[in-house]
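Structural characterization, general
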Amino acid sequence: MTGAAGLSHVLAMWDRDTASAHLGMEALVVEVDHAVVRMTVGENMVNGHEIAHGGYVFMLADSAFALACNSGGELTVAAGADVVFVAPARLGDALVADAQVRAAYGRSGLTDVTVSREQDGVVVAEFRGRSRSLPRR
């Protein structure tokens, strides 16, 4: 994983993320305001159309979003998100979510995530997350 120096807080968050780990997600890049996460579509992730269920694609994007928007050191959570599904992903496809913080002002932030198929680069989904920083407990 690149960019790990100085990001112990977000890497510790990722280590405690059992939901992402359960789906086999792997953080490839974690840098300030940027993260890349990979997941392979498994047999329990396809729907009745034999394509990846949108909820799993959303979760991959959301996990990359969480890494990117927490990389600045503040405890940050999702305030909302929208997704546009562009192309299908199928069983065995490796999906890559590339998250980039676009704006952060005060306690609010905006992060864009592109999910693509690793094997051919086709965009599967575009995700826009809105974040809110919280006081530490």
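The structure contained in this document is the topic of the report that follows. (Residues numbered from 1 in each chain as written. Predicted model: local features only at pLDDT ≥ 70, side-chain atom pairs only at ≥ 80, totals over all residues. Heavy atoms only, no water.)

What about the overall build of the chain?
- For the chain, the helix and strand inventory stands at 3 helices and 6 strands.
- In sequence order, the secondary structure elements of the chain are arranged as α-α-β-β-α-β-β-β-β.
- Dimensions along the principal axes, computed over C-alpha positions, put the chain at roughly 45 × 25 × 25 Å.
- Within the chain, contacts between residues at least 6 apart in sequence are counted, and of these 64% link residues at least 24 apart.
- Only carbon and sulfur atoms are counted for the fraction: they give 53% of the accessible area of the chain, which is about 7300 Å².
- Each charge class in the chain can be summarised by its mean position, and for the 11 positive and 16 negative side chains these summaries are 9 Å apart. (Helix = DSSP H or I, 4+ residues; strand = E, 2+ residues; numbered from the N terminus. Contact = heavy atoms within 4.5 Å. Areas by Shrake-Rupley, 256 points an atom, 1.4 Å probe, with all protein chains shown as cover. Lys, Arg positive; Asp, Glu negative; His and termini not counted. Charge placed at Lys NZ, Arg CZ, Asp CG, Glu CD.)

Concerning the nonpolar core
- Formed by 32 residues in total, the largest nonpolar core has its most connected members in L60, L67, L95, V113 and V115.
- Residue assignment for this core shows that the elements contributing at least two residues are α1 (8-15), β1 (26-31), β2 (34-40), α3 (54-70), β4 (94-105), β5 (108-117) and β6 (123-133).
- The leading source of residues in this core is α3, at 8 residues.
- Not counting residues up to four positions away in its chain, the partners in contact with L67 are V10, M13, W14, A27, V30, A35 and V37. (Core = buried A, V, L, I, M, F, W, Y, C linked by side-chain atoms within 4.5 Å. Buried < 20%, exposed > 50% of the residue type's maximum accessible area, 1.4 Å probe, protein only.)

A look at α1
- Taken together, the buried positions of α1 are occupied by V10, L11 and W14. Down the axis of α1, the buried side of the element spans an arc of 100°, and every buried residue falls inside it. For α1, the exposed residues set more than 90 degrees away from the buried face come down to S8 and D15.
- Turning to α1, the residues buried within the fold contact α2 (18-22), β1, β2 and α3. (Arc of directions from axis to C-beta.)

A closer look at the sheet that holds β6
- Pairing is antiparallel across the open sheet formed by 6 strands, whose spatial order is β1-β2-β4-β5-β6-β3. Whereas interior strands pair on both sides, the edge strands pair on one side only; in this sheet they are β1 and β3 (76-85). Along the sheet, successive strands turn relative to each other by an average axial angle of 20°, direction set aside. (Pairing = 2+ DSSP bridges. Axes fitted to C-alpha atoms, helices over the stretch in contact; angles between N-to-C directions.)

Limitation: the analysis is restricted to geometry and does not speak to function.
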